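Per-entry structural report
In case you want the letters, here they are:
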Amino acid sequence: MNCYDQMVRKGHSPNAITYTCILKACGQTRAITKGKQIHDEIVTRGGFLDKNPVLGSALVDMYAKCGMLAKAQDVHNELPERDVISWNALISGYVHQGQAQEALHCFQGMQREGLSPDNVTIICILKACGEMRALEKGKQIHETIVNKNLLCKDIVLGTALVDMYAKCNMLGQARQVLEDLYLRDVVSWSALISGYIQHGQCHEA
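Conventions used here
Residues numbered from 1 in each chain as written. Predicted model: local features only at pLDDT ≥ 70, side-chain atom pairs only at ≥ 80, totals over all residues. Heavy atoms only, no water. Helix = DSSP H or I, 4+ residues; strand = E, 2+ residues; numbered from the N terminus. Buried < 20%, exposed > 50% of the residue type's maximum accessible area, 1.4 Å probe, protein only. Contact = heavy atoms within 4.5 Å. Lys, Arg positive; Asp, Glu negative; His and termini not counted. Charge placed at Lys NZ, Arg CZ, Asp CG, Glu CD. Salt bridge = Lys/Arg side-chain N within 4 Å of Asp/Glu carboxyl O.

The helix and strand inventory of the protein chain stands at 13 helices and zero strands. When its helices and strands are written in sequence order, the protein chain yields α-α-α-α-α-α-α-α-α-α-α-α-α. Across its three principal axes, the protein chain shows a C-alpha extent of roughly 65 × 35 × 30 Å. Across the 205 residues in the protein chain, those meeting the buried criterion constitute 43%. Pairs at least 24 apart in sequence give 58% of the contacts found in the protein chain among residues at least 6 apart. Both charge centroids of the protein chain, one from 21 positive and one from 21 negative side chains, sit 5 Å from each other.

Below, the discussion takes up the pattern of salt bridges. All chains considered together, the criterion is met by six salt bridges. Salt-bridge contacts for Lys65 lead to Asp61; the nearest nitrogen and oxygen are separated by 2.8 Å. Taken together, the positions of Lys65 and Asp61, both in helix α5 (residues 53-65) and four residues apart, correspond to about one turn of that helix. A single salt-bridge network, built from bridges that share partners, covers Arg175, Glu179 and Glu204.

So this is what it looks like as structure tokens:
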């Protein structure tokens, strides 16, 4: 952010890439005041968001990471064009703030717009399903994963699936998913172990 301020002081005008990078920095550091200032600058450059959909996603992501989910939702609703990346930013924000129901609602909105979820979307929704114990929704997502062959070499997605079943007390299914994974690591094993412990099956853990 210091580099950005120095650049502006020297009279250089930020472009879409500059704004996207600085918004990412604001989100990572929770610098909401600076983020709002950048948002205001973008708005004053009328039509800037219309030409740069990636910039819109960066704005949604910044507000979401700063915990301002209502503002993130407002920005998202006003985007001239919404894509998987902007939806993911919003869904991820709701999941990380423990608002699983809102995340699922956004997922439904994304599907209504005809957009197909990618692995990032699915990982977030599996986490929401686990938090809500929404087993039936989780099973639907699992079917989507299988039909699209998304598990191949994606250990993060596989781990999210194990974790969802474990949180829903479907430990047999969680173990089967783990055993079927192309790759397993400490995180995927820990998801199953944690599930056994959470449900009082310490010997299995």
